[in-house]
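Chains, contacts and geometry: an overview
So you can see what is in the structure, the chains are spelled out below.
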Amino acid sequence: MKAIVLKEVGGPENLILAEVPIPKIKKNEVLVRVKALAINPVDAFVRRNQPALEMIYALKGEEENIILGWDVAGIVTKVGSAVTRFTTGDEVFGNFNFIGQANAYAEFVAAPEDELVIKPANISFEEAAGATMAALTAWASLVKFAKVKKGDKIIIYGASGGVGHYAVQIAKHFGAYVIGVASGENKDFVLGLGADEFFDYKTQAVEDSISDADIVHDAVWVEADVDSTEDTHLARSLKTLKEGGILSSTVVYPDQLFIDKAKAEKNVTVQRVNVTPNDTYLKDIKAIAQLLSDGEIKTHISHVLPLAEMAKAHEIIQTKNAVGKIILVP
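Everything in this summary refers to the structure shown in the same document. (Residues numbered from 1 in each chain as written. Predicted model: local features only at pLDDT ≥ 70, side-chain atom pairs only at ≥ 80, totals over all residues. Heavy atoms only, no water.)

Let us now look at the packing of aromatic side chains. Overall, the coordinates contain two aromatic pairs when judged by the stated rule. Ring geometry for Trp-70 against Phe-98: centres 5.1 Å apart, planes inclined by 85 degrees, an arrangement best described as edge-to-face. Taken as a pair, Trp-70 in the loop between α2 (50-55) and β4 (71-79) and Phe-98 in the loop between β5 (91-95) and β6 (108-112) lie far apart in primary sequence, 28 residues in all. Owing to a relative accessible area of 1%, Trp-70 belongs among the buried residues under this scheme. Judged by relative accessible area, Phe-98 falls into the buried class, the value being 10%. With centroids separated by 6.0 Å and ring planes inclined at 55 degrees, the aromatic side chains of Trp-139 and Phe-174 adopt a geometry described as tilted. Residue Trp-139 is located in helix α4 (residues 133-145), and its partner Phe-174 is located in the loop between α5 (162-173) and β9 (177-182); the two are separated by 35 residues in the primary sequence. Taking relative accessible area as the criterion, Trp-139 reaches 11% and is therefore assigned buried. Directly above the aromatic system of Phe-125 lies the positively charged group of Lys-119, at a separation of 4.9 Å from the ring centroid. (Phe/Tyr/Trp six-rings, centres within 6.5 Å; stacked < 30°, edge-to-face > 60°. Helix = DSSP H or I, 4+ residues; strand = E, 2+ residues; numbered from the N terminus. Buried < 20%, exposed > 50% of the residue type's maximum accessible area, 1.4 Å probe, protein only. Lys NZ or Arg CZ within 6 Å of the ring centre and 35° of its normal.)

See the structure below:
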């Protein structure tokens, strides 16, 4: 089969198309013919960062091929002897073996049956592939951690991005008042997702206008390049929250000093949220599938590229300015 192999840690050009063996499945796995796969900023981070490759991809050092990626949608072509949830021909999607080796940049993947769900019939493979890690991250942030409810005022930074555009839709589904923050050229897109207000982060400081938010979903990739903690992006996000609010960071790890200070000064609960192995994964991805099926959330796809153009996809995702999702088709 064809797959994208990481030749060595470094730039996108190190992702090369190669011929590799079709994976063998274990008794609790299914073999999926990949119809579409999605990439995320973490993919580019792992590709260029050796410690991340070792930790997130769980590099052992004895792999014949390093194949990145965790988000797939496709058709089951073979089932393991212990599999009970799927049969050959089922259309499925999921984000699996994260943290670990899913090897999703390929024509076929071997996936654990308990990390996949049936794809809703009314959405495409491309839309399903997009709604995996990104939608699950938004869900973990707003539903599992922040426990969003009707009437909450929520600020969503990066509202036009992969995670952000699902976050806007999920928050609206639960009846929240949503303030989307993104670059000005994406204003119509963010408002079209259902956001009630929009801020252009390039020209407007949200903290100068809002100080009573219940929840902040902060997906800014890196801290500002400053020395003072008071000037970091998380510190500015903190200023927009009311007493007792919740700050969910999906990228930056808030340090313990920041967490303790936020609690002491404003009774704000701060946590770094992401998608990692947990006992509610299957329940969560089923919830995402239901929202997709009901039309409550939709995947916005900005680029669909052939698998062979993975390097180009990585060039786009690492700009951190991609709108919605980037999808590749084997």
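From this point, things continue past the structure.
Here we come to the packing of α4 against α5. Between α4 and α5, the least distance of the axes is 8 Å, while the angle of their chain directions is 50 degrees. In terms of orientation, α4 lies oblique with respect to α5. Pair α4 / α5 crosses with right-handed handedness. For the pair α4 and α5, contact is made by Ala-134, Ala-135, Thr-137, Ala-138, Trp-139, Leu-142 and Val-143 and by Gly-162, Val-163, Tyr-166, Ala-167, Ile-170 and Ala-171, respectively. Its residues placed into classes, the contact of α4 with α5 shows eleven nonpolar, two polar and no charged. (Axes fitted to C-alpha atoms, helices over the stretch in contact; angles between N-to-C directions. Parallel < 35°, antiparallel > 145°, perpendicular 65-115°, else oblique. Left-handed = near helix turned anticlockwise from the far one by under 90°. Contact = heavy atoms within 4.5 Å. Nonpolar A, V, L, I, M, F, W, Y, C, P; charged D, E, K, R; others polar.)

A few words on helix α9 (residues 281-294). Along an α-helix, residues three or four apart share an orientation, since each turn contains 3.6 residues. With 14 residues, α9 should reach 20 Å at 1.5 Å per residue; the first-to-last C-alpha distance of 20 Å fits that figure. Listing the buried residues of α9 in full gives Tyr-281, Asp-284, Ile-285, Ile-288, Ala-289, Leu-291 and Leu-292. Viewed end-on, α9 has its buried residues packed into an arc of 160 degrees, placing them on one side of the element. Here the buried face of α9 lies against β5, β7 (117-118), α4 and α5. In the stretch just after α9, Gly-295 is the one whose phi turns positive, near 75 degrees. (Expected span 1.5 Å × (residues − 1). Arc of directions from axis to C-beta.)

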